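The lines below spell out each chain.
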Amino acid sequence: KAGVTQTPRYLIKTRGQQVTLSCSPISGHRSVSWYQQTPGQGLQFLFEYFSETQRNKGNFPGRFSGRQFSNSRSEMNVSTLELGDSALYLCASSPGTSQGNEQFFGPGTRLTVL
Amino acid sequence: AQSVTQPDIHITVSEGASLELRCNYSYGATPYLFWYVQSPGQGLQLLLKYFSGDTLVQGIKGFEAEFKRSQSSFNLRKPSVHWSDAAEYFCAVGPKRLAYKYIFGTGTRLKVLA
């Protein structure tokens, strides 16, 4: 079974731009979660999508948004980029149908904002 | 407030020595507990998880963890460390309901001396 894939792996943007990151979950998984990882802050939960609906949301500003398609692929968008948005963005997929389902993480997208 | 604390940012051990990584959590009730490992350039891989029952949990790669309710701790241990164990380790908690709003610690980076 193919793992979670994220594209692109690396991205360089400038302040004020917007960016879209993509995540393809494991086949059959319907839940996709997004996390922001920065040194010293660890992983911060952004949001989770299940069957095209946002099911959970973290404490990030509205500049961070996401969506999920009918094939469970998910995209995350960040508008009006700030220097502090530089981070590794991780996507995790799960069946999403029962408590404690294991999350499988992708390799991440490294975003650098200049 | 819900939180996960990993008090050791860096740990260095010699190959063959034993290892214990500490994790303390603050949560309203006993959550699901997890340990993940992240190698450079990789996503997170689940080492083990605790849901209920036996408080000593066995995981992959020879790791184990012990849940101590009275101390709100979930420490990770390995009796003999291998050079390939050098990585960053994350403790996480998750709610006992259908949600994936995991709270992660800030991580412990393990260095192994040959």
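Quick note: structure is the one above.
About the thresholds
Residues numbered from 1 in each chain as written. Chains lettered and ligands numbered in written order. Predicted model: local features only at pLDDT ≥ 70, side-chain atom pairs only at ≥ 80, totals over all residues. Heavy atoms only, no water. Helix = DSSP H or I, 4+ residues; strand = E, 2+ residues; numbered from the N terminus. Rg over C-alpha atoms; globule rule 2.2 N^0.38 Å. Buried < 20%, exposed > 50% of the residue type's maximum accessible area, 1.4 Å probe, protein only. Contact = heavy atoms within 4.5 Å. Areas by Shrake-Rupley, 256 points an atom, 1.4 Å probe, with all protein chains shown as cover. Pairing = 2+ DSSP bridges. Axes fitted to C-alpha atoms, helices over the stretch in contact; angles between N-to-C directions. Salt bridge = Lys/Arg side-chain N within 4 Å of Asp/Glu carboxyl O. Buried area = accessible area lost by both parts, 1.4 Å probe. Polar contact = N/O pair within 3.5 Å; in protein donor to acceptor, adjacent residues only side chain to side chain. Nonpolar A, V, L, I, M, F, W, Y, C, P; charged D, E, K, R; others polar.

1. Some words on the overall build of chain A
Each helix and strand counted, chain A has zero helices and eleven strands in total. For chain A, the N- to C-terminal ordering of α and β elements is β-β-β-β-β-β-β-β-β-β-β. In terms of overall dimensions, chain A is globule-like: its C-alpha atoms have a radius of gyration of 13 Å, near the 13 Å expected for 114 residues. Along the first, second and third principal axes, the C-alpha atoms of chain A reach 40 × 30 × 25 Å. Each of the 114 residues in chain A was classed as buried or not, and the buried ones make up 51%. For chain A, the proportion of contacts with a sequence separation of at least 24, taken over those separated by at least 6, is 54%. Accessible surface for chain A amounts to roughly 5,200 Å². Of this, 48% is attributable to carbon and sulfur atoms.

2. Side note on the environment of Leu43 of chain A
Locating Leu43 of chain A in the fold gives a position in strand S5 (residues 42–50). Each C-alpha atom, one on Leu43 of chain A and one on Ser65 of chain A, is 17 Å from the other, the two residues being 22 residues apart in sequence. Beyond its immediate stretch of four places on either side in the chain, Leu43 of chain A contacts Tyr35, Gln36, Gln37, Leu90 and Phe105 of chain A together with Leu44, Phe90, Phe104 and Gly105 of chain B.

3. So, the sheet that holds strand S1 (residues 5–7) of chain A
Residues and elements named next belong to chain A. One open sheet accounts for four strands, arranged S1-S3-S8-S7; its pairing is antiparallel. Two strands bound the open sheet, and with one partner strand each, they are S1 and strand S7 (64–68). Recorded for the sheet is a direction-independent mean angle of 20° between the axes of neighbouring strands. The pairing of S7 with strand S8 (residues 74–78) spans five bridges and is classified as antiparallel. Across the sheet, the residue bridging to Gln68 is Ser74, located in S8.

4. Some thoughts on the pattern of salt bridges
It is possible for side chains of opposite charge to pair when their charged atoms get near one another. Under the criterion given, the structure shown has ten salt bridges over all chains. Linked by salt bridges that have partners in common, Arg63, Glu82 and Asp85 of chain A make up one network.

5. Remarks on unusual backbone geometry
Residues and elements named next belong to chain A. In this model, Thr7 is joined to Pro8 through a cis peptide bond whose omega is -10°. Considering the arrangement of structural elements, one finds Pro8 in the loop between S1 and strand S2 (10–13). You will see that Ser51, though not glycine, has its phi angle at about 50°, which is positive. Its location among the elements puts Ser51 in the loop between S5 and strand S6 (53–57).

6. Description of the interface of chain B and chain A
In this assembly, 21 residues from chain B lie in contact with 29 residues from chain A. Between chain B and chain A the total buried area reaches about 1,900 Å² when both faces are included, carbon and sulfur atoms providing 55% of it. Applying the counting rule to chain B against chain A returns zero salt bridges. In this assembly, chain B and chain A are joined by one residue pair in polar contact (both at pLDDT 80 or more). At the level of elements, strand S5 (32–38) and strand S6 (44–50) of chain B are the ones that each hand at least two residues to the side of chain B that touches chain A. When the residues that make up the side of chain B that touches chain A are grouped by side-chain class, the tally is eleven nonpolar, six polar and four charged.

Just distances and angles here, no functional claims.
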